[in-house]
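Next come the chains, spelled out residue by residue.
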Amino acid sequence: MTTPTRRTVSNTLLPPLFIADHLALDFINSEFGVHPDRIECLNNDAQVFEWLRRAGIPVEVAELPRTGQNGELLRVALALRATSRELLLSRKAGRVGNPSALNNVLARGGTYQEIIWGKAQPLKRLQHRRVATPEDLLVPVAESIAELLADGDFALVRKCESPDCTLWFYDRTKSHHRRWCSMAVCGNRMKVAAFRARHRAQ
Ligand SMILES: [Zn+2]
């Protein structure tokens, strides 16, 4: 009897994936694969909240009842993702994109600061975001997309080399030779495919 090999898959390899090394690309990657194996990670408001939380964007629980109802957050998240993907493709192809939908979300951005000062705690300065609408929750994501488009090095913004993989990443490796969304998934798959092809050819 053979014992099955135990594969450990890190949290970043379970959907939603956080493999891109850039928040904006992780957001675009929240839908991946091609039909019939397409995986949609954002199917309702709760999943958008969960994505934001896992992405490290602070979402206060008090914001849930106001903004996370009736699929409104999901609607604006999917619209932002669609426009972001389009802008990413335009930027990568050297075409001019239309940023007006992105600019509408960026315009929602509003921050204010607060000083916390008490006997038991040292003086602290906090930064808050105003959240009144679902779009407001997505402002940090929109800002990350704007930063990528304006300041990103697009030689390092690449799609996984596996032909049937739709995932994008920002290559932050020292050698800038990253080829795969993840070695554990596409890297190994493509190596096995290349190995088989070599052996078939012999
Ligand atoms: Zn891949």
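Above: the structure in question.
Residues numbered from 1 in each chain as written. Predicted model: local features only at pLDDT ≥ 70, side-chain atom pairs only at ≥ 80, totals over all residues.

Colleague: Which parts of the structure should I look at to understand the overall build of the protein chain?
Modeller: Within the protein chain, the regular secondary structure consists of seven helices and six strands. Out of the 202 residues in the protein chain, the part that is buried amounts to 23%. Contacts in the protein chain between residues far apart in sequence, at least 24 positions, make up 57% of those at least 6 positions apart. (Helix = DSSP H or I, 4+ residues; strand = E, 2+ residues; numbered from the N terminus. Buried ≥ 20, exposed ≤ 12 C-beta atoms within 10 Å, placed from the backbone. Contact = placed C-beta atoms within 7 Å.)

Colleague: Would you mind going over helix H2 (residues 45-54) with me for this structure?
Modeller: Given 3.6 residues per turn, any residue in an α-helix points the same way as the ones three and four places further on. Looking at H2, one finds that the buried residues are Asp45, Val48, Phe49 and Trp51. End-on, the buried residues of H2 take up no more than an arc of 160°, which puts them together on one face. (Arc of directions from axis to C-beta.)

Colleague: Any chance you could explain the nonpolar core here in plain terms?
Modeller: The nonpolar side chains of soluble globular proteins are, as a tendency, buried together. With 35 residues, the main nonpolar core has Leu138 and Ala142 as its most contacted residues. When residues of this core are assigned to their parent elements, the largest contribution, seven residues, is made by helix H6 (residues 134-151). Those residues in contact with Ala142 that lie beyond four places of it in its chain are Leu80, Leu102, Val105 and Leu106. (Core = buried A, V, L, I, M, F, W, Y, C linked by C-beta atoms within 7 Å.)

Colleague: What exactly am I supposed to notice about the packing of helix H4 (residues 72-93) against H6 here?
Modeller: Two quantities define a packed helix pair, namely the angle between the axes and the distance from one axis to the other. Packing of H4 against H6 leaves a shortest axis separation of 10 Å and a crossing angle of 10°. Here H4 is positioned roughly parallel relative to H6, judged by the angle of their axes. On the side of H4, the interface is formed by Glu72, Leu73, Val76, Ala77, Leu80, Ser84, Leu87 and Arg91, while H6 contributes Pro134, Glu135, Leu137, Leu138, Val141, Ala142, Ile145 and Leu149. For the contact of H4 with H6, a count of residues per class yields 12 nonpolar, one polar and three charged. (Axes fitted to C-alpha atoms, helices over the stretch in contact; angles between N-to-C directions. Parallel < 35°, antiparallel > 145°, perpendicular 65-115°, else oblique. Nonpolar A, V, L, I, M, F, W, Y, C, P; charged D, E, K, R; others polar.)

Colleague: What is the right way to read the environment of Phe49 from this model?
Modeller: Positionally, Phe49 belongs in helix H2. Residues Phe49 and Leu74, spaced 25 residues apart in sequence, show a C-alpha to C-alpha distance of 9.1 Å.

Colleague: Explain the pairing of strand S4 (residues 124-129) here, please?
Modeller: On a regular strand, each side chain points to the face opposite its neighbour's, so the side chains alternate between the two faces of the sheet. For S4, the buried fraction is low: zero of the six residues fall into the buried class. The sheet contact formed by strand S3 (residues 111-116) and S4 spans six bridges and is antiparallel. Note that in S4 the partner of Thr111 across the bridge is Arg129. (Pairing = 2+ DSSP bridges.)

Colleague: Could you clarify how one ought to interpret unusual backbone geometry in this entry?
Modeller: Excluding glycine, residues mostly carry a negative phi; peptide bonds, for their part, are mostly trans. Backbone geometry at Asp21 places phi at a positive 65°, although glycine is not the residue there. Relative to the assigned elements, Asp21 resides in the segment before helix H1 (23-28). Its identity as a non-glycine residue notwithstanding, His176 has a phi of 55°, on the positive side. Take His176: it is sitting in the loop between strand S6 (168-170) and helix H7 (183-201). By the C-beta count within 10 Å, which is 11 here, His176 ends up exposed.

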